[in-house]
Amino acid sequence: MENVTKILNGSGIAQDIRMELRAKIADSRTKPGLAVILVGHDPASRMYIDFKKQASQEVGLYLETYEFEEDVKQKTLVKLIDKLNKNRKIHGILVQLPLPEHIEDIDILQRIDPAKDVDGFHPTNVGLLAVGYPALTPATPKGIMRLIASTGVDLRGKDAVVIGASNIVGKPTAQLLLNERATVTIANSLTRDLRVHTRKADVIVVAVGKPNLITADMVKEGVIVIDAGINKVGDRVVGDVDYENVSKLAAFITPVPGGVGPMTVAMLLENTWEAMRHSKGHQE
Ligand code: GUN
């Protein structure tokens, strides 16, 4: 029988989530407030921030943006975060990564009040996720799990392979899959034979930034493929998967663009809503 591949429509699911949030925010006495901090002029970061700002406005979040030159002092960012931590109109604080070399990411991320850490990068939130009590969960991994949930496939006992071991995507995604009781392998750039792992996988999540890293000979029929890669090739945006050929074998696959990306933004908005709902003194 011909394999029928289902495309996981991240744009559509994300739009439904945004519409739901917009309705809840319109009905809410308190408006969720998000502060976005961008340092430097990295074009990819600029693009992500613009998506986040646009979506925030669409759902009716209160938004403050702070932009700094590349040479900003760490002290300046720390002071701003201290101020935002105390600001009652702000429920979520997001520092776009990567930060310039002279700034210690960990010092900045640890300065954010864990209750306002809508990216879920503070070690407290990372730890809560690891012990199975997630509070604020990183947006891309959370979006990936929603996409997998939309397939209706039960993850218990399934073989999942996560390619890429970053703190932003790979590690938290592996943790979430583990919390769903999948058998999880995390591959990194030193993994000897990636194919050995991917060929037996029921679920593959790839977040590396290398076009065509995953080819058809590396996957088994019926696999779920989640592609979190975003690469510019000429004037096209592609993921890390040879979509044309892998999609012939997969049961479910995310397109790029229109898969994981819009889900990341929707999950950030949802996290800001949740941070507001759980904030001190919040009443309906
Ligand atoms: N850089 C790449 N992805 C992300 C993200 O999800 N959040 C932040 N803050 N920076 C990023």
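If you're wondering where the values come from, they're calculated on a predicted model, not measured in any experiment.

## Some words on the overall build of the protein
- For the protein, the helix and strand inventory stands at ten helices and eleven strands.
- A compact globule built from 284 residues would reach a C-alpha radius of gyration of about 19 Å, and the protein, at 19 Å, matches this within 12%.
- In terms of overall dimensions, the protein has a C-alpha envelope of 60 × 45 × 40 Å along the principal axes.
- Evaluated residue by residue, the protein yields a buried proportion of 48% over its 284 residues.
- Once local pairs closer than 6 in sequence are excluded, the contacts in the protein between residues at least 24 apart make up 69%.
- Positive and negative side-chain charges in the protein, numbering 35 and 35 respectively, have mean positions lying 5 Å apart.

## Let's talk about a nonpolar patch on the surface
- Together, Met47, Phe51, Ile230 and Val237 make up an exposed nonpolar region whose accessible area comes to about 320 Å².
- Tracing the sequence through the fold places Val237 in strand β10 (residues 236-238).
- The partly exposed category is assigned to Val237, whose relative accessible area is 32%.

## Some words on helix α3 (residues 74-86)
- For α3, which comprises 13 residues, the first-to-last C-alpha distance of 19 Å matches the rise-based estimate of 18 Å (1.5 Å per residue) to within 8%.
- Regarding α3, the residues found buried are Leu77, Val78, Leu80, Ile81, Leu84 and Asn85. Down the axis of α3, the buried side of the element spans an arc of 165°, and every buried residue falls inside it. Turned more than 90 degrees away from the buried face of α3, the exposed residues are Lys75, Lys79, Lys83 and Lys86.
- Close packing links the buried residues of α3 with β2 (33-39), β3 (62-68), β4 (92-95) and α4 (105-111).

## So, the environment of His122
- Topologically, His122 is positioned in the loop between α4 and α5 (123-130).
- Linking His122 and Ala174, residues 52 residues apart in sequence, is a C-alpha distance of 17 Å.
- With residues up to four places along the chain from it excluded, the contact list for His122 reads Leu109, Gln110, Ile112, Pro114 and Asp117.
- Side-chain polar atoms of His122 contact the backbone oxygen of Gln110, separated by 3.2 Å.

## Section: the environment of Pro114
- Considering the arrangement of structural elements, one finds Pro114 in the loop between α4 and α5.
- C-alpha of Pro114 to C-alpha of Arg156: the two residues are 42 residues apart in sequence and 30 Å apart in space.
- Non-local contacts of Pro114, meaning those with residues more than four positions away in its chain, are made with His122, Thr124, Asn125 and Leu136.

## Concerning the site of the ligand
- Near the ligand you find Lys52, Leu94, Val95, Gln96, Leu97, Asp119, Phe121 and Ile168, and these make up its full shell.
- Here a nitrogen atom of the ligand and a side-chain polar atom of Gln96 are 3.3 Å apart.
- Between the ligand and Asp119, the relevant distance is 2.5 Å, taken from a nitrogen atom to a side-chain nitrogen or oxygen of the residue.
- A molecule is said to occupy a pocket when more than half its atoms come within 2 Å of that pocket's grid points, and by this definition the ligand occupies the largest pocket.
- Classifying every residue of the shell around the ligand by side-chain character gives five nonpolar, one polar and two charged.

The rules behind these values
- Residues numbered from 1 in each chain as written.
- Predicted model: local features only at pLDDT ≥ 70, side-chain atom pairs only at ≥ 80, totals over all residues.
- Heavy atoms only, no water.
- Helix = DSSP H or I, 4+ residues; strand = E, 2+ residues; numbered from the N terminus.
- Rg over C-alpha atoms; globule rule 2.2 N^0.38 Å.
- Buried < 20%, exposed > 50% of the residue type's maximum accessible area, 1.4 Å probe, protein only.
- Contact = heavy atoms within 4.5 Å.
- Lys, Arg positive; Asp, Glu negative; His and termini not counted.
- Charge placed at Lys NZ, Arg CZ, Asp CG, Glu CD.
- Patch = residues over 30% accessible without salt bridge, like charges linked within 9 Å, V, L, I, M, F, W, Y side chains within 5 Å.
- Areas by Shrake-Rupley, 256 points an atom, 1.4 Å probe, with all protein chains shown as cover.
- Salt bridge = Lys/Arg side-chain N within 4 Å of Asp/Glu carboxyl O.
- Expected span 1.5 Å × (residues − 1).
- Arc of directions from axis to C-beta.
- Polar contact = N/O pair within 3.5 Å; in protein donor to acceptor, adjacent residues only side chain to side chain.
- Near = heavy atom within 4 Å.
- 1 Å grid on protein atoms, 1.4 Å probe; cavity = no way out; pocket = protein on both sides within 12 Å on 5 of 7 lines; lining within 4 Å.
- Sits in = over half its atoms within 2 Å of the grid points.
- Nonpolar A, V, L, I, M, F, W, Y, C, P; charged D, E, K, R; others polar.

Everything listed here is a matter of geometry and, on its own, says nothing about what the molecule does.
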